[in-house]
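Per-entry structural report
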Amino acid sequence: MNEERNFYTLLVYSENIAGILNQITAVFTRRQVNIESLNVSASSIPGVHKYTITAWCYDDQVVKITNQIEKKIDVIKATYFTDEELFIRETGLYKLSTSIVMQNPDISKTIRHHDAQITEVNPTYIIAMKSGKTEDILSLYKALDAYGCVLQYTRSGRIAVTRSTQEQVSEFLEQREKAR
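Report follows, based on the coordinates.

Cut-off values and rules
Residues numbered from 1 in each chain as written. Predicted model: local features only at pLDDT ≥ 70, side-chain atom pairs only at ≥ 80, totals over all residues. Heavy atoms only, no water. Helix = DSSP H or I, 4+ residues; strand = E, 2+ residues; numbered from the N terminus. Rg over C-alpha atoms; globule rule 2.2 N^0.38 Å. Contact = heavy atoms within 4.5 Å. Areas by Shrake-Rupley, 256 points an atom, 1.4 Å probe, with all protein chains shown as cover. Lys, Arg positive; Asp, Glu negative; His and termini not counted. Charge placed at Lys NZ, Arg CZ, Asp CG, Glu CD. Axes fitted to C-alpha atoms, helices over the stretch in contact; angles between N-to-C directions. Parallel < 35°, antiparallel > 145°, perpendicular 65-115°, else oblique. Nonpolar A, V, L, I, M, F, W, Y, C, P; charged D, E, K, R; others polar. Phe/Tyr/Trp six-rings, centres within 6.5 Å; stacked < 30°, edge-to-face > 60°. Buried < 20%, exposed > 50% of the residue type's maximum accessible area, 1.4 Å probe, protein only. Pairing = 2+ DSSP bridges.

Side note on the overall build of the protein
The helix and strand tally for the protein stands at 6 helices and 9 strands. Whereas a compact globule of 180 residues would reach a radius of gyration of roughly 16 Å, the protein reaches 20 Å, over 25% beyond that. Taking the principal axes of its C-alpha atoms as reference, the protein extends roughly 65 × 45 × 30 Å. For the protein, the proportion of contacts with a sequence separation of at least 24, taken over those separated by at least 6, is 76%. Surface accessibility of the protein: about 10,500 Å² in total, with carbon and sulfur atoms responsible for 48%. Of the charged side chains in the protein, 21 are positive and 22 negative, and the gap between their average positions amounts to 2 Å.

Points about the packing of helix α4 (residues 105-113) against helix α5 (residues 134-146)
Axis separation between α4 and α5 bottoms out at 10 Å; the angle between their running directions is 175 degrees. The angle between the axes of α4 and α5 places the two elements in the roughly antiparallel class. Residues Ile107, Thr110 and Ile111 of α4 pack against Leu140, Ala143 and Leu144 of α5. Each residue belonging to the contact of α4 with α5 can be placed in one class, and the counts come to 5 nonpolar, 1 polar and no charged.

What about the packing of aromatic side chains?
Each aromatic ring pair is described using two quantities: the centre-to-centre distance and the angle formed by the ring planes. The full count for this structure, using the stated rule, is 4 aromatic pairs. With a centroid separation of 4.3 Å and an interplanar angle of 25 degrees, the aromatic rings of Tyr141 and Tyr153 are classed as stacked. Residue Tyr141 is located in helix α5, and its partner Tyr153 is located in strand β8 (residues 150-155); the two are separated by 12 residues in the primary sequence. Residue Tyr153 is classed as partly exposed on the basis of its relative accessible area of 26%. Taken together, the ring pairs connect Tyr94, Tyr141 and Tyr153 into an aromatic cluster.

A closer look at the pairing of strand β2 (residues 35-42)
In the sheet, β2 pairs with strand β3 (residues 48-57) via 7 bridges, with the strands oriented antiparallel. When the sheet's bridge partners are listed, Ser41 is paired in β3 with Lys50.

See the structure below:
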């Protein structure tokens, strides 16, 4: 297989049913595709939850995975996107050594330069937070890590909305309601 893997974001909508997350992740496992990030939250539609899943896979794999997920009884709609088709954000949290930050004013300048916010300061640690694109969050981490001040670091799962004016599932639900 010479084709190249691409990075995809799947948006899956379902009712809030116990066990559906396991069913969705099992589809990836069966296809031996690793999930890079996973975020589950309520959507803008009451009673409907939105799963934002990212993975590196081949074009034919993402089509099969999406189709298999959509066949699940409790799944309302599943679609996949490339980054260009979505508005994407993540959040990074950086726990920094207060003593090192206080000794080096360049660290505070770096935080400001990356448009991050300091959300907590105490004698032991400082918490900085950055929201934005993955590469911006990683860039700040690398810059802070170079100072040797990072005690802990974590990144949230991706959150994404389509560039269309409404949830894609809204149109699907409207059509389904008319068909009844």
